[in-house]
Amino acid sequence: MDKAINQFITNSIRIKNDEIFLKREAILSFDSKIDLSQFLKDSYKKLALRYPKYHKMDSLCKLGILGSSVLLRSQHFNADTALVFSNASSSHDVDMKHVKSMESIVSPAVFVYTLPNIVLGEISIKHKLQSENVFFIEDKFNADLLVDYSETLLNSGKASSVVCGWIELKNDQYDVLLCLVSNNGEIPFTKENLEELYRFENE
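For clarity, every value in this text was computed on a predicted model and none was experimentally measured. (Residues numbered from 1 in each chain as written. Predicted model: local features only at pLDDT ≥ 70, side-chain atom pairs only at ≥ 80, totals over all residues. Heavy atoms only, no water.)

## With respect to the pairing of strand S1 (residues 8–16)
Keep this limit in mind: The rule is simple: take the accessible area with a 1.4 Å probe, protein chains only, and divide by the maximum for that residue type; under 20% is buried, over 50% is exposed, in between is partly exposed. Note on conventions: DSSP H or I runs of at least 4 residues are helices, E runs of at least 2 residues are strands, and numbering of each starts at the N terminus. A pair of strands is labelled paired if DSSP reports no fewer than 2 bridges between them.
Most of S1 sits inside the fold, with eight of its nine residues counted as buried. Two elements, S1 and strand S7 (residues 173–182), share eight bridges in a ladder whose sense is antiparallel. Pairing of Ile 13 across the sheet is with Leu 178, part of S7. Inspection of the sheet shows S1 paired to strand S8 (residues 187–188) by two bridges, in the antiparallel sense. Looking at the pairing, Phe 8 lines up with Pro 188 of S8.

## Side note on the packing of aromatic side chains
As a reminder of what qualifies: The criterion for an aromatic pair is that two Phe, Tyr or Trp rings (for Trp, the six-membered ring) have centres within 6.5 Å, with stacked assigned to planes under 30 degrees apart, edge-to-face to planes over 60 apart and tilted to the rest.
As enumerated under the stated definition, the model contains nine aromatic pairs in all. Note on Phe 136 and Tyr 149: the rings are 5.3 Å apart at their centroids and 75° apart in plane angle, and the pair reads as edge-to-face. With Phe 136 in strand S5 (residues 133–137) and Tyr 149 in helix H6 (residues 143–156), the pair connects residues that are 13 residues apart, well separated along the chain. Given a relative accessible area of 19%, Phe 136 falls into the buried group. Take Tyr 149: its relative accessible area is 32%, and that puts it in the partly exposed class.

## Details of the pairing of S7
Among the 10 residues in S7, nine count as buried, and that is most of the element. With nine bridges joining them, strand S6 (residues 162–170) and S7 adopt antiparallel strand pairing. Bridge pairing links Cys 164 to Cys 179 in S7. Counting the residues in the hairpin turn of S6 and S7 gives two residues, including Asn 171, whose phi is positive at 55°.

## Description of the environment of Ser 182
The condition that has to hold: Note on contacts: a residue pair is in contact if any heavy atoms of the two residues lie within 4.5 Å.
Relative to the helices and strands, Ser 182 resides in strand S7. Separated by 21 residues in the primary sequence, Ser 182 and Ser 161 have C-alpha atoms spaced 4.6 Å apart. When neighbours within four sequence positions are excluded, Ser 182 is seen to be in contact with Asn 6, Gln 7, Phe 8, Thr 10, Ser 160 and Ser 161.

## A closer look at the packing of helix H2 (residues 59–72) against helix H5 (residues 118–127)
This is how it is decided: Throughout, an axis means a line fitted to C-alpha atoms (over the contacting stretch in the case of helices), and angles, computed between N-to-C directions, take values from 0 to 180 degrees. Reported orientations rely on four angle classes, namely roughly parallel under 35 degrees, roughly antiparallel over 145, roughly perpendicular from 65 to 115, and oblique for the rest. Here a crossing is taken to be left-handed if its near helix is turned anticlockwise relative to the far helix by less than a right angle, and right-handed if that turn runs clockwise. Basically, the charged four are Asp, Glu, Lys and Arg, the nonpolar ten are Ala, Val, Leu, Ile, Met, Phe, Trp, Tyr, Cys and Pro, and anything else, Gly included, counts as polar.
At a closest axis distance of 9 Å, the pairing of H2 and H5 adopts a crossing angle of 40°. Overall, the two elements H2 and H5 adopt an arrangement that is oblique. Of the two possible hands of crossing, H2 and H5 adopt the one that is right-handed. Mapping the contact onto sequence places Leu 60, Cys 61, Gly 64, Ile 65, Ser 68, Ser 69 and Leu 72 in H2 and Ile 118, Val 119, Glu 122, Ile 123, Lys 126 and His 127 in H5. Within the contact of H2 with H5, the residues separate by chemical class into seven nonpolar, four polar and two charged.

## So, unusual backbone geometry
A positive phi angle is found at Arg 24, which is not glycine, with a value near 70°. Its place among the elements puts Arg 24 in the loop between strand S2 (19–22) and strand S3 (25–29). The class of Arg 24 is partly exposed, set by a relative accessible area of 36%. The residue Ser 74 is not glycine, and still its phi comes out positive at about 65°.

## Focus: the nonpolar core
Inclusion rule: Remark: nonpolar core denotes a set of buried residues (Ala, Val, Leu, Ile, Met, Phe, Trp, Tyr, Cys) joined through side-chain atoms within 4.5 Å.
In this structure, Ile 15, Phe 39 and Phe 85 are the most contacted members of the largest nonpolar core, which totals 37 residues. Broken down by secondary-structure element, the contributors of at least two residues to this core are S1, helix H1 (36–46), H2, strand S4 (82–87), H5, S6 and S7. For this core, the element with the highest residue contribution is H2, accounting for eight residues. Apart from the residues lying within four places of it in its own chain, the contact partners of Ile 15 are Ile 20, Phe 39, Leu 63, Leu 66, Gly 67, Tyr 174, Asp 175 and Val 176. Of all hydrophobic cores here, the second largest spans 21 residues; its members include Phe 141, Leu 153, Leu 154 and Phe 189.

Structure (structure tokens):
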């Protein structure tokens, strides 16, 4: 007998190839020639995020703030909303910048972002979360891991909802899927549905 589904994908955001999709609907698109820095800056402006600290963050954290802010906008969530993230490259981009800075004067502003879980902290501060959080490093998108870990937190009562997903950045190439999971929604929170959302690209 299949287990009853009591958790749902309440909302989802996909950021890839100069576009941002909310529930598979394009909400922002840019010219393909735009670089990452300009994409992050223009997205912030057009989506009216109004979070000055954003400009001081590294690109991985900017992607996290951008994605989580749009994902959670107009959604009900509590301070115990957990964060379950993963990627393949850890904090590679800022690590390389830190290594390069060591050739001259080491910058504390760069060094502070040389851990991938810093993005969890920045999101928690932005959204006032006081919750469980974890950042896994995987070779590729692993829906099984994300679903299993998120369900454990939800079923144990440690979290009333979860933001889970993939936030990859390497050599200015970005690939983001974030989902809000709770007991409200129409899409069951399953490995298959999470993989389908990850595979989605604008046709």
